[in-house]
Amino acid sequence: HTDAGAGYVAAQFELAVMLFTGNHRIPPSKHPHLRGRVERFFRTINQRYVHMFPGRTFSNALLRDEYDSDRYARLTDEEIADLLVCLIVDCYHNTKHRALGMTPLEMWERGSQLAKGSIQPPPNDALYREIFGSTVLAKISNEGIVLFGNNYSSPKLLEVRKKWFDSTLIVRLNEENISTISVKHKIKNEWINVPSVHGGLNGASLEQWNEAVRYIRKNIGHQEE
């Protein structure tokens, strides 16, 4: 459930929503009673968390009174987003909910694991990568596909190479775990999971890998390779 803001009707966002849920609901504007889930989320955020942020704005001038929002503003958009994720994931999900009689996390675990699938569990690694991964274009060669200095190869990818050598392919990469990539087959409407040739990348993020590369180049120099 979203409103019709530009970010929510953008092609990349809608594609991720449809791949993950199969349904994107955008109730008509000026009818808040038709989007109760969205409005309830805003209400929870506003009542429980927004007052913690310096530079907050208010719904009207009477509530704001003499508070100077511009003067006390301290946070960037990215910092606010990170803080909201922490508050929702770490605090809200682990705080007992009055209507549920348990924490939202406990209810989700019960529904996803004990209620015969009435609540869907999160996607597995491959599906997560296909839906939410970053999209890059990469060429296939004798070494398979090389990304950020890492070689990715598999028997299925080598079959593709035989037919489309030096071809540019669409690749999906989960930046939080670069041990495996997903490669779109040029003819079949399916993704091929291709692991890294080096087995030590399981669970390593792209940021960690880049930091390791910078460290090696700075401190080892001639032994860089």
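Above this text is the structure in question.
Along each chain, numbering runs from 1 in the same order as the chain's sequence is written. Restriction of local features to residues with pLDDT of at least 70 applies here, the model being predicted, together with a cutoff of 80 or more for giving and counting side-chain atom pairs; totals for whole chains, interfaces and linings are based on all residues. The basis for every side-chain value is the complete set of non-hydrogen atoms in the structure, without hydrogens or water.

Peer 1: Quick one: what's the story with the overall build of the chain, residue by residue and with numbers?
Peer 2: Helical segments are the DSSP runs of H or I of at least four residues, strand segments are the runs of E of at least two, and each set is numbered from the N terminus. In terms of helices and strands, the chain carries 9 helices and 6 strands. Reported as C-alpha extents along the three principal axes, the dimensions of the chain are approximately 70 × 50 × 35 Å. For the chain, buried positions account for 26% of its 225 residues. Residue contacts follow a heavy-atom distance rule, with two residues in contact if any of their heavy atoms lie within 4.5 Å. For the chain, the proportion of contacts with a sequence separation of at least 24, taken over those separated by at least 6, is 48%. Exposure was quantified through the Shrake-Rupley algorithm and a 1.4 Å probe, taking into account, for residues, occlusion by the shown protein chains and nothing else. Counting every atom, the chain has about 16200 Å² of accessible surface; 52% of that belongs to carbon and sulfur. Working convention for charge: Lys and Arg count positive, Asp and Glu count negative, and His plus the chain ends are omitted. Working definition for charges: the position is that of NZ of Lys, CZ of Arg, CG of Asp or CD of Glu. Of note, the chain has its 28 positive side-chain charges centred 8 Å away from the centre of its 26 negative side-chain charges. Think of it in three bands: with a 1.4 Å probe and only protein chains considered, a residue is buried below 20% of the maximum accessible area for its type, exposed above 50%, and partly exposed in between.

Peer 1: If you had to explain the pairing of strand S6 (residues 191–195) to someone new, which residues and values would you point to?
Peer 2: Burial along S6 is one-sided: Ile192 and Val194 are buried, and none of Trp191, Asn193 and Pro195, which face the opposite way, are. In this analysis, strands are considered paired if DSSP registers two or more bridges between them. Between the antiparallel neighbours strand S5 (residues 180–184) and S6 lie 6 residues.

Peer 1: Can you lay out the pattern of salt bridges for me, pointing to particular residues and giving the numbers?
Peer 2: Note that side chains of opposite charge can pair when their charged atoms are close. What counts as a salt bridge is simple: a side-chain nitrogen of Lys or Arg found within 4 Å of a carboxyl oxygen of Asp or Glu. If you walk through the whole model with that rule in mind, you get 2 salt bridges. Ionic pairing is found between Arg35 and Glu39, a salt bridge with its closest N-O pair at 3.0 Å. Judged by its relative accessible area of 29%, Glu39 falls in the partly exposed class. The partner of Arg214 in a salt bridge is Glu211, and the shortest N-O contact between them spans 2.8 Å. Of the two residues, Arg214 and Glu211 both sit in helix H9 (residues 206–219), 3 residues apart, roughly one turn of that helix.

Peer 1: Any chance you could break down a nonpolar patch on the surface for me, citing the residues and the numbers?
Peer 2: Taken together, the side chains of Tyr8, Val9 and Ile26 define a hydrophobic patch exposed on the protein surface, amounting to about 220 Å² of accessible area. You can see Val9 is positioned in the segment before helix H1 (11–21). A residue counts toward a patch only above 30% relative accessible area and without a salt bridge, and it is joined to like-charged neighbours within 9 Å or, for Val, Leu, Ile, Met, Phe, Trp and Tyr, to nonpolar neighbours within 5 Å.

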